[in-house]
Amino acid sequence: MQRVVSFVIPVKDEAASLDELADRIVDSMSREHPADGIEILFIDDGSTDGSWAVMQSIAERLPGIAGAIRFRRNMGKALALEAGFRASRGDIVFTMDADLQDDPKEISRFLEKLEQGFDLVSGWKRTRHDPLSKTLPSKIFNGVTSKLTGVKLNDFNCGFKCYRREVIENIRLYGEMHRYIPVLASDLGYRVGEIEVEHHPRVHGKSKYGWERYVRGFIDLVTVLATTRWLAKPGHLFGGVGVILGLAGSASLVYLFIVWLGGGPPIGGRPLLTFGVLTMVASLQMLSLGIIAEFFVRSSPIDIGKYISSHSGVSQDAAQLMQKKDVQ
């Protein structure tokens, strides 16, 4: 059976580059992978510059290869990718930006890396043709994300990625979660790799992202850490915070008690007393929240099927139960 390679491309006001991008993808695949089927899906994320008309013309010019999905308004890159993932039919799925800064000639290198046993391959724009106002925050963001999540990638922000089908079927995107797909995939046990890719200067249009994306990104980083590292043990997260607060509050109150016993000045109006009491109260609240969260985890089913890649010596009925049903 012919393997199908899909390309999911979110678009926001990139009308000038779409025709060339589609042609370069088709040319690269036709020359280097003629045995593979090609699917190109554009997702119009609320464009106002005529991008939708260009996508429609590409779909008519490349029937059976190109298609397009249109949002009524701008919904964000994560939801655009989610829509493309659900609509795609490829065994292998690429994501690319629509601004021609990602080069389709790199496709073969991604597929070669995938064949080495990886399930997700992410691009690394080691040499970027962007202003310092973008590269410096990105470098800090990538370093912090790699350190906190334990996923050793240099460029989480790179939109040029390649996935095996099963990876995208087990991940759901929202908010700014598209930046953390490698983290979500790694948490499910998929092998994540990285290759350096050439990054071209932007020729058409302008960047759609500003400093605010890093604020949203760091908020979602906290969400990712909570839903991956502590998903099955929320008591450790809330309880850990509660213990830290409790130790700080206890230390403050013990210090004030020693001062009071030693005949020091009155402690009733000291800010440290207020701090100690508040942190102790917060500590009890966090510990209580952790216990309540543990009750929810224990009473909710765990979708164990998404962690299973294959099985051997297991009955068909048992395999279907693991793959399709929740296990308490």
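Just so you know, the residues in each chain are numbered from 1, in the order the chain's sequence is written. Only residues with pLDDT of at least 70 get local features here, since the model is predicted, and only at 80 or more are side-chain atom pairs given and counted; chain-wide, interface and lining totals rely on the full set of residues. The side-chain figures draw on all heavy atoms in the structure; neither hydrogens nor water molecules are used.

Quick word on the environment of Pro-201
The following threshold applies: Numbered from the N terminus, helices here are DSSP runs of H or I no shorter than four residues, and strands are runs of E no shorter than two. To sort residues, take the accessible area from a 1.4 Å probe on protein chains only and compare it with the maximum for the residue type: under 20% means buried, over 50% means exposed, and anything in between is partly exposed.
You can see Pro-201 is positioned in the loop between strand S7 (192-196) and helix H8 (212-228). A residue is classified by how much of its surface remains accessible, and Pro-201, at 43% relative accessible area, is partly exposed. With 99 residues separating them in the primary sequence, Pro-201 and Asp-102 have C-alpha atoms 9.5 Å apart.

Some points on the environment of Gly-123
To keep things clear, this is the line we draw: In this description, contact between two residues means that some pair of their heavy atoms is separated by no more than 4.5 Å.
Among the structural elements, Gly-123 can be located in strand S5 (residues 120-124). Classification of Gly-123 by relative accessible area gives buried; the value is 0%. As a C-alpha pair, Gly-123 and Met-96 span 27 residues in sequence and 10.0 Å in three-dimensional space. Setting aside chain neighbours within four positions, we find Gly-123 in contact with Phe-110, Asp-155, Cys-158, Phe-160, Glu-194, Ile-195 and Val-197.

With respect to helix H2 (residues 51-61)
Each turn of an α-helix holds 3.6 residues, which means side chains three or four residues apart point in the same direction. Short version of the rule: This arc is built from the directions going out from the helix axis to the C-beta atoms.
For H2, the complete set of buried residues consists of Ser-51, Trp-52, Val-54, Met-55 and Ile-58. Projected down its long axis, H2 shows its buried positions confined to an angular sector of 160°, all on one face.

What about helix H4 (residues 107-114)?
Here H4 lies mainly inside the structure; 6 of its 8 residues are buried. The complete set of buried residues in H4 reads Ile-107, Ser-108, Phe-110, Leu-111, Lys-113 and Leu-114. Those residues of H4 that are buried lie in contact with strand S1 (4-11), helix H1 (15-32), strand S4 (92-95), S5, strand S6 (161-164) and S7.

Comments concerning the packing of aromatic side chains
Using the following cut-off: When the centres of two rings from Phe, Tyr and Trp lie within 6.5 Å, Trp using its six-membered ring, the rings pair. Their planes under 30 degrees apart give stacked, over 60 give edge-to-face, and anything left gives tilted. Charge-over-ring placement is defined geometrically: NZ (Lys) or CZ (Arg) within 6 Å of the ring centre, and within 35 degrees of the ring normal.
Scanning the entire structure with this criterion turns up 7 aromatic pairs. With 6.0 Å between their ring centres and 50° between their planes, Phe-141 and Tyr-180 make a pair best called tilted. On the criterion of sequence distance, the pair formed by Phe-141 in helix H5 (residues 132-149) and Tyr-180 in the loop between helix H6 (165-169) and helix H7 (181-187) is long-range, its members being 39 residues apart. For Phe-141, a relative accessible area of 1% translates into the label buried. We classify Tyr-180 as buried; its relative accessible area is 0%. Put simply, the rings of Phe-7, Phe-94, Phe-110 and Phe-160 pair up and form one aromatic cluster. Sitting over the face of the ring of Phe-118, Arg-191 holds its NZ or CZ atom 4.3 Å from the ring centroid.

What to know about the pairing of strand S2 (residues 37-44)
So the rule is basically this: DSSP bridges decide pairing: two strands pair if at least two such bridges lie between them. Clockwise travel from the first strand over the helix to the second, with the strands pointing away from the viewer, marks a crossover as right-handed.
Across the 8 residues that make up S2, a large majority, 8, are buried. By the alternation rule, side chains of S2 split into Gly-37, Glu-39, Leu-41 and Ile-43 and Ile-38, Ile-40, Phe-42 and Asp-44, which are all buried. Relative to S2, S1 runs parallel, the two sharing 8 bridges. Each bridged residue has a counterpart across the sheet, and for Val-8 the counterpart in S2 is Leu-41. Handedness of the β-α-β unit built from S1, H1 and S2 comes out right-handed. Between the parallel pair S2 and strand S3 (residues 66-70), the chain is carried across by H2, and the sense of this crossover is right-handed.

Some points on the pairing of S6
Note: S4 against S6, 4 bridges, orientation antiparallel. By the bridge assignment, Thr-95 is partnered in S6 with Lys-161.

Concerning the nonpolar core
Our working definition: In this description, a nonpolar core means a group of buried Ala, Val, Leu, Ile, Met, Phe, Trp, Tyr and Cys residues linked to one another through side-chain atoms lying within 4.5 Å.
If you look at the biggest cluster of nonpolar residues, it comprises 36 residues, and the most contacted ones within it are Phe-7, Ile-9, Ile-40, Phe-42 and Phe-94. Only S1, H1, S2, H2, S4 and H4 provide two or more residues apiece to this core. Sort the elements by how many residues they give to this core and H1 lands first, with 7 residues. Dropping the residues within four chain positions of it, Phe-7 is found in contact with Ile-25, Met-29, Ile-38, Glu-39, Ile-40, Leu-41, Phe-94, Met-96 and Ile-107.

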